[in-house]
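Fold and contact review
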Amino acid sequence: MPKLDLYNLALPDLESLMHDWGQPAFRARQIYRQLYANLADDPAAMTDLPAALRERLREEATVGALALERAQEADGGLTRKALFRLHDGAVLETVLMIYPDRATVCVSTQAGCAMGCVFCATGRLGLLRNLTPGEIVEQAMWASRELRRWQGAAGRPGDREAGRPDDGDGQWWGGEGEPFTERVTRRVGRITNLVFMGMGEPFANYDRWWQAVERLHDPKGFNLGARSMTVSTVGLAPGIRRLAEAPLPVNLAISLHAPDDELRSSLMPINNRYPLAELLDATRFYIERTGRRVSFEYVLLQGQNDHPHQAIALARLLRGREGPLLCHVNLIPWNPVPGAPLGRSERERVLAFQRVLLDYGVACTVRVERGVAIAAACGQLAGAPAAQPGAPPADAIPLLSQ
Ligand code: SAH
Ligand code: SF4
């Protein structure tokens, strides 16, 4: 029987626990601050608590439930991936991406995924299980501590030069040799962005995922603004409608990947359940309800969905008979997944696709790639014991900016 995971408790839950333990209510707030503001990972570090309470916490609860099985880094240390094992043997992955002026954590919401998209490593695993709110929240805490550790180490000037430039202005990076040291002078103090784009489909685990959002957002705790969070969905229309009515303004990204139902169904089985018309209806509802722009993700697969006529079809779809959608398209060159009979679109093809969309007045960027060498890039997270053998080293991959 696993112990109580403190990350699974909202502040009122902690308050009632303290009440049950005969402690004053302010102890709950102290613990909460220790967990989410001080990033304490052990009751022993909560030195503002009485020793007896720390001891009881140690005996009856844990700070977190994830056992770090392996940590890897790429991109000169600026991309850091953790593989965690859960008490029941399931695995999940989290990725921290450090930029000159921000730090983004990519969080998993399920161990594995049931959606079976053909281009995705996680989809090939199938669903192992849903993550608890605590297991989702804990990934952000790991990333925060990891960032702090990295900053300690990166304080040594030599280490900082290891990084590569890859944030920017929507252009391909040609400047492999550009000086980077100056660019990391502004130290990122904390996690500034969180994307639910790791393993799993967040809307298939909606309630637990939302509890994690609330916890991470809570100004009394971790205090990350909802506008700094983005959730990506495979296109579960009911989840999109639900988010439209949710009380916190979390950003929405929708995995589109094809401009017509036939192709989309062949890449993403969920399209049989929620075809494009229904998905776009839900998207319109979301935009009308929230006034917020959505992002459409579009993975480019050589010869499958990257032809200029498909770019035109996509532009028409998004401009729509009912008027243009308030949206932005994020093109993602496909990251290698061993065994998948697919190819990555060539750079010229990506740029041509982007140009068509821009010509049609659709805002469109190409996603920065991170961590390909350690299989930490989009869609490569599968809990494999080592880096994917087929993946080219990160240095061989041209970097794209968004
Ligand atoms: N399940 C959610 C969120 C996780 S996947 C979803 O599907 O949206 C995050 C993004 O990575 C999605 O847009 C997904 O389509 C994309 N992706 C999956 N496999 C990929 C791959 N091999 N290369 C590039 N992007 C991939
Ligand atoms: Fe699941 Fe998203 Fe991968 Fe599809 S792309 S299998 S929904 S994680």
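See the structure above.
Let me begin by describing the structure that accompanies this report. (Residues numbered from 1 in each chain as written. Chains lettered and ligands numbered in written order. Predicted model: local features only at pLDDT ≥ 70, side-chain atom pairs only at ≥ 80, totals over all residues. Heavy atoms only, no water.)

Here the structure, examined in full by the defined rule, presents 16 salt bridges. Across the pair R56 and E60 runs a salt bridge whose closest N-O atoms are separated by 2.8 Å. Of this pair, R56 and E60 both sit in helix 3 (residues 51-60), four residues apart, which is roughly one turn of the helix. According to the relative accessible area criterion, E60 is partly exposed, its value standing at 37%. Note that E297 is salt-bridged to R367, the shortest N-O span being 3.2 Å. Taken together, the residues E297 in strand 12 (residues 294-300) and R367 in the segment after strand 14 (364-366) connect sequence positions 70 residues apart. Across the pair, exposure class does not vary: E297 and R367 are buried alike. Because the salt bridges share partners, they merge into one network encompassing E73, R80, E146 and R149. (Salt bridge = Lys/Arg side-chain N within 4 Å of Asp/Glu carboxyl O. Helix = DSSP H or I, 4+ residues; strand = E, 2+ residues; numbered from the N terminus. Buried < 20%, exposed > 50% of the residue type's maximum accessible area, 1.4 Å probe, protein only.)

We now examine the environment of R58. Among the structural elements, R58 can be located in helix 3. The spatial distance from the C-alpha of R58 to the C-alpha of D42 is 7.8 Å, given a sequence separation of 16 residues. The contact partners of R58, leaving out residues within four places of it in the chain, are K3 and P43. (Contact = heavy atoms within 4.5 Å.)

Moving on, we get to the packing of helix 8 (residues 237-244) against helix 10 (residues 276-290). Working note: a packed helix pair is described by the angle between its axes plus the distance between those axes. Between helix 8 and helix 10, the least distance of the axes is 9 Å, while the angle of their chain directions is 5°. With respect to helix 10, the axis of helix 8 lies roughly parallel. Side by side, helix 8 and helix 10 meet where A237, I240, R241, L243 and A244 of the first sit next to E278, L279, D281, A282, T283, F285, Y286, R289 and T290 of the second. Of the residues that constitute the contact of helix 8 with helix 10, the class distribution is eight nonpolar, two polar and four charged. (Axes fitted to C-alpha atoms, helices over the stretch in contact; angles between N-to-C directions. Parallel < 35°, antiparallel > 145°, perpendicular 65-115°, else oblique. Nonpolar A, V, L, I, M, F, W, Y, C, P; charged D, E, K, R; others polar.)

In this structure, strand 3 (residues 67-74) lies alongside strand 4 (residues 79-85), joined through seven bridges in antiparallel fashion. Considered in strand 4, the bridge of L68 is made with F84. Hairpin connection from strand 3 to strand 4: four residues lie between these consecutive antiparallel strands, with D75 at a positive phi of about 50°. (Pairing = 2+ DSSP bridges.)

Turning to the site of ligand 2, a few remarks are in order. Looking at ligand 2, the residues that line it are C113, M115, G116, C117, C120, G123, G200 and V234. When atoms are counted within 2 Å of each cavity's grid points, the one that captures over half of ligand 2 is the largest cavity. Looking at the shell around ligand 2 residue by residue, the classes come out as five nonpolar, three polar and no charged. (Near = heavy atom within 4 Å. 1 Å grid on protein atoms, 1.4 Å probe; cavity = no way out; pocket = protein on both sides within 12 Å on 5 of 7 lines; lining within 4 Å. Sits in = over half its atoms within 2 Å of the grid points.)

Ranked by internal contacts, the top residues of the largest apolar core, which has 128 residues, are F196, W209, L243 and F296. Broken down by element, this core gets its largest block of residues, eight residues, from helix 5 (residues 133-154). The contact partners of W209, leaving out residues within four places of it in the chain, are T109, I136, F196, P202, F203, V231, L243 and V250. (Core = buried A, V, L, I, M, F, W, Y, C linked by side-chain atoms within 4.5 Å.)

Now for empty space enclosed by the protein. Under the definition given, this model contains two cavities of 30 Å³ or more. Of the pockets and cavities examined, the largest cavity occupies roughly 480 Å³. Looking at the largest cavity, it is lined by 29 residues, and the ones nearest its centre are F119, C120, M197, S255 and G379. Going through the elements one at a time, helix 4 (121-125), strand 10 (229-233), strand 12 and strand 13 (327-333) are the ones with two or more residues in the lining of the largest cavity. Residue composition of the lining of the largest cavity, grouped by class: 16 nonpolar, ten polar and three charged. (Points joined across faces, edges and corners; volume = space filled by probe spheres on them.)

Taken as a whole, this structure holds ten aromatic pairs when the rule is applied. For the ring pair F196 and W209, a centre distance of 5.6 Å and an interplane angle of 90° mean the geometry is edge-to-face. One end of the pair, F196, is in strand 9 (residues 193-196); the other, W209, is in helix 7 (residues 206-217), with 13 residues separating them in the sequence. Comparing F196 with W209 shows no difference in burial state: the two are buried. When the centroid spacing of 5.3 Å and the interplanar angle of 85° are considered together, the rings of Y206 and W209 count as edge-to-face. One end of the pair is Y206 and the other is W209, both in helix 7 and three residues apart, which spans about a single turn. Relative accessible area serves as the criterion here: at 0%, W209 is assigned to the buried category. Taken together, the aromatic side chains of F196, F203, Y206, W209 and W210 make up a single cluster linked through ring pairs. The ring centre of F222 lies 4.8 Å from the NZ or CZ of R190, which sits over that ring. Lying over the aromatic face of Y206, R242 brings its terminal NZ or CZ to 4.0 Å of the ring centre. (Phe/Tyr/Trp six-rings, centres within 6.5 Å; stacked < 30°, edge-to-face > 60°. Lys NZ or Arg CZ within 6 Å of the ring centre and 35° of its normal.)

Purely geometric numbers; function is a separate question.
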